[in-house]
Amino acid sequence: MDEKIVEIAEGIKSMEIRGAGRIARVAALALKYFAEDFSGTEEDFLKEIERVKEYLISTRPTAVSLKNAVYFVINRMRGENLEELRKSVIRSAEEFIKRSKEALKIIGKYGSGRIPEEATILTHCNSSAALATIIQAHRDGKRIKVFNTETRPWFQGHITAKTLAKEGIDVTMIVDSAVRYFMREVDIVVVGADTIASNGAVINKIGTSQIALAAHEARVPFIVCAETYKFSPETVIGKLVKIEERDPREIADPKDFPEVKFRNPVFDATPPEYVDAIVTEIGVISPYLAYEIIKEVMNFGAEGKKNRY
Ligand code: RI2
């Protein structure tokens, strides 16, 4: 396998490259590199790209964004000869990356509309889509304060806190378990998503569903910011979203706890009844419209059409 592709895939696996949108863009980039660097016959190209596809998809099982990015490129592959096939892969990969970046800007604008003029926002983990909304609200002149969770075990909250502070936003970092304690001070929760199922369930960083419960209890609106490529076509035909469980050493060194077992699931599912709105680049929708997004935008229905997003 091409060195550049291995480097990207290993980077995604180890979470050096992370965030559902980012891993989708780099997966598209890996396919672009593959097409650019390939030397061999047309037949080998078609065989090899299948291997690259499977390899990239296998890196992280939960975020459908990665899979959708890979299918976006592969399903648009056209050409009468190798040169044309290569060009179409490069073009689609570039188009995916461009669309993905544009989607974030639009989400920021639509999402900001949902933030009150003066608001305390709570966010979890490190989501570029959620951050786009929060930062846009700040740039729109809204007087906002943010609570952000540190997000165990990877502490992605540290990146969020630094990003917000750099923007001049008033940010307070809290431990994940302090969410309910602070919820009474929060006006709106804004998070991202790794995958959205056809029933509107939102799969996001572990702890998100607890935050949604606490928000629901306190009647605090809970919004999710997600590009349309975070919706999962396969859930329409009954597939369940696989929740990734990572190495226990991310929590503690098991050697220090010889009699203790560890579990480290890194995502959980928030049911649609706890989600007030999903902010996408094609509009702010109810979670119950997830199926429509999958059907219309991704052209994927129960009748078995291919995911062509
Ligand atoms: P954006 C991240 O997963 C977080 O769960 C975050 O909420 C989600 O992806 C969406 O991120 P991880 O890669 O696509 O940290 O909005 O496990 O950046």
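Residues numbered from 1 in each chain as written. Predicted model: local features only at pLDDT ≥ 70, side-chain atom pairs only at ≥ 80, totals over all residues. Heavy atoms only, no water.

*Asks:* Any chance you could break down the packing of helix α2 (residues 20-37) against helix α5 (residues 82-113) for me, citing the residues and the numbers?
*Replies:* For the pair α2 and α5, the least separation of the axes is 8 Å and the interaxial angle reads 160°. Compared by their axis directions, α2 and α5 come out roughly antiparallel. Here α2 runs over α5; the crossing is left-handed. Between α2 and α5, the residues in contact are Ala24, Arg25, Ala28, Leu29, Leu31, Lys32, Ala35 and Glu36 and Arg86, Val89, Ile90, Ala93, Glu94, Phe96, Ile97, Ser100, Lys101 and Leu104, respectively. For the contact of α2 with α5, the residue count by class is 11 nonpolar, 1 polar and 6 charged. (Axes fitted to C-alpha atoms, helices over the stretch in contact; angles between N-to-C directions. Helix = DSSP H or I, 4+ residues; strand = E, 2+ residues; numbered from the N terminus. Parallel < 35°, antiparallel > 145°, perpendicular 65-115°, else oblique. Left-handed = near helix turned anticlockwise from the far one by under 90°. Contact = heavy atoms within 4.5 Å. Nonpolar A, V, L, I, M, F, W, Y, C, P; charged D, E, K, R; others polar.)

*Asks:* With reference to specific residues and values, describe the nonpolar core.
*Replies:* Counting residues in each nonpolar core, the largest one holds 38 residues, and the members touching the most others are Leu31, Phe45, Ile49, Leu56, Val70 and Val89. Mapped by element, the contributors of at least two residues to this core are α1 (3-13), α2, α3 (42-57), α4 (64-74) and α5. Beyond its immediate stretch of four places on either side in the chain, Val70 contacts Ala27, Leu31, Lys53, Leu56 and Ile57. Counting 30 residues, the second-largest nonpolar core is a separate cluster that includes Ala178, Val189, Ala193 and Ile278. (Core = buried A, V, L, I, M, F, W, Y, C linked by side-chain atoms within 4.5 Å. Buried < 20%, exposed > 50% of the residue type's maximum accessible area, 1.4 Å probe, protein only.)

*Asks:* Which residues make up the sheet that holds strand β6 (residues 202-205), and what values do they have?
*Replies:* Taken in spatial order, the 3 strands of this open sheet run β5-β6-β8, and their pairing is antiparallel. Of all the strands in the sheet, just β5 (195-196) and β8 (267-270) have a single pairing partner and so form its edges. As paired elements, β6 and β8 share 4 bridges and run antiparallel to each other. Across the sheet, residue Ile203 finds its bridge partner in β8, namely Ala269. Packed on one face of the sheet, helix α9 (residues 208-217) meets β6 and β8 and runs near 35° to β8. (Pairing = 2+ DSSP bridges.)

*Asks:* Could you give me a rundown of the domain arrangement of the chain, with the residues and numbers involved?
*Replies:* By the assigned domains, the chain splits into domain 1 (3-102) and domain 2 (106-297). Between the C-alpha centres of domain 1 and domain 2 the distance comes to 26 Å. Taken residue by residue, the interface counts 19 residues in domain 1 and 24 residues in domain 2. Summed over both partners, the interface of domain 1 with domain 2 comes to about 1,700 Å²; 51% of that surface belongs to carbon and sulfur atoms. Along the contact surface separating domain 1 from domain 2 lie 2 salt bridges. (Domains from an automatic or database assignment. Buried area = accessible area lost by both parts, 1.4 Å probe. Salt bridge = Lys/Arg side-chain N within 4 Å of Asp/Glu carboxyl O.)

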